[in-house]
Amino acid sequence: MTKLDQNALDLLFKDARSHNDFDPLPLDDGQLQALYDLMKMGPTSANCSPARLVFVRSEAEKQKLAGFAMPANAEKIKNASVCVIIANDSQFYDRIPELFPHNPEARDWFTGSADFAAETAMRNGSLQAAYLMMAARALGFDVGPMSGFDAAGVDAAYFPDGRFKANMLCNIGRGKPEALFERSPRLAFDDACQIL
């Protein structure tokens, strides 16, 4: 298998940071489409692809979304080029016959248990959120993922029919390096891993 060179690994992982403040860098529709087209290629269970994205770009919508965030996160939302609401489709399984055509009956795996469907949506939607961040970094953008927000409020404002459930928010744009904290430590291999 071909592997990425060190520069690419640094871009995606070693040098990449979660940004707290952003320069005003407009992201156009084509850039957002390119971001999604890269993100969607990441694997999910039975290709279920439960993530649904709302790219909040206008000043009015960023102001509205910021009203559901903790004060520190509200400022981050207002300053970012785009804040993405990453939600999970609670009825993701309805698209499985289209997305998993060699086994369309896989839809039935998820229809018998709302708990199993919700767990699958959360696990795979979170995976897709990670793919979104890696895709953004691969395309030269900085990211700032956030969870400090009123998910029920976001759901009521953006997904009033109740089908989609907000999972997390992620700011995307050009981060300001001067607003970064020192990198926090990570667990050592022996603290986090076992080999059996």
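> In this structure, what is going on with the pattern of salt bridges? I would like to understand it.
It is possible for side chains of opposite charge to pair when their charged atoms get near one another. Within this structure, the stated rule accounts for 11 salt bridges. Its salt-bridge partner being Arg52, residue Asp89 comes within 3.1 Å of it at the nearest N-O pair. One end of the pair, Asp89, is in strand β3 (residues 82-89); the other, Arg52, is in strand β2 (residues 51-56), with 37 residues separating them in the sequence. Each of Arg52, Asp89 and Arg163 takes part in salt bridges that share partners, so that together they form one network.

> What should I look at first to understand unusual backbone geometry in this one?
Non-glycine residue Ala46 carries a positive phi angle of around 50 degrees. Note on placement: Ala46 falls in the loop between α2 (29-39) and β2. For Ala46, a relative accessible area of 12% gives the class buried. Notably, Asn47 is not glycine yet its phi reads approximately 50 degrees, a positive angle. By the element assignment, Asn47 lies in the loop between α2 and β2.

> Explanation requested: helix α4 (residues 71-79) in the structure shown.
Note that an α-helix has 3.6 residues per turn; residues three or four places apart therefore point the same way. Turning to α4, its buried residues are Asn73, Ala74, Lys76 and Ile77. Down the axis of α4, the buried set is contained in an arc of 160 degrees. They therefore lie on one face. Along α4, exposed side chains directed more than 90 degrees from the buried face belong to Pro71 and Ala72.

> I tried to follow the packing of aromatic side chains on my own but got confused; where do I start?
The description of an aromatic ring pair uses the distance of the two centres, along with the angle that the planes make with each other. If you walk through the whole model with that rule in mind, you get 6 aromatic pairs. When the ring of Phe92 is compared with that of Tyr93, the centres are 5.5 Å apart and the planes differ by 70 degrees; the resulting orientation is edge-to-face. Accessibility expressed as a relative area gives 0% for Phe92, which makes it buried. Judged by centre distance (5.1 Å) and plane angle (65 degrees), the rings of Phe92 and Phe110 are edge-to-face. Taken together, the residues Phe92 in the loop between β3 and α5 (96-99) and Phe110 in helix α6 (residues 108-111) connect sequence positions 18 residues apart. The class for Phe110 is buried, based on a relative accessible area of 3%.

> Before we go on, may I ask you to explain a nonpolar patch on the surface in this structure?
Nonpolar side chains collect at one region of the surface, where Leu4, Leu9 and Phe13 lie side by side and expose about 280 Å² of accessible area between them. For Leu4, the position within the fold is in the segment before α1 (6-14). With a relative accessible area of 48%, Leu4 lands in the partly exposed category.

Conventions used here
- Residues numbered from 1 in each chain as written.
- Predicted model: local features only at pLDDT ≥ 70, side-chain atom pairs only at ≥ 80, totals over all residues.
- Heavy atoms only, no water.
- Salt bridge = Lys/Arg side-chain N within 4 Å of Asp/Glu carboxyl O.
- Helix = DSSP H or I, 4+ residues; strand = E, 2+ residues; numbered from the N terminus.
- Buried < 20%, exposed > 50% of the residue type's maximum accessible area, 1.4 Å probe, protein only.
- Arc of directions from axis to C-beta.
- Phe/Tyr/Trp six-rings, centres within 6.5 Å; stacked < 30°, edge-to-face > 60°.
- Patch = residues over 30% accessible without salt bridge, like charges linked within 9 Å, V, L, I, M, F, W, Y side chains within 5 Å.
- Areas by Shrake-Rupley, 256 points an atom, 1.4 Å probe, with all protein chains shown as cover.

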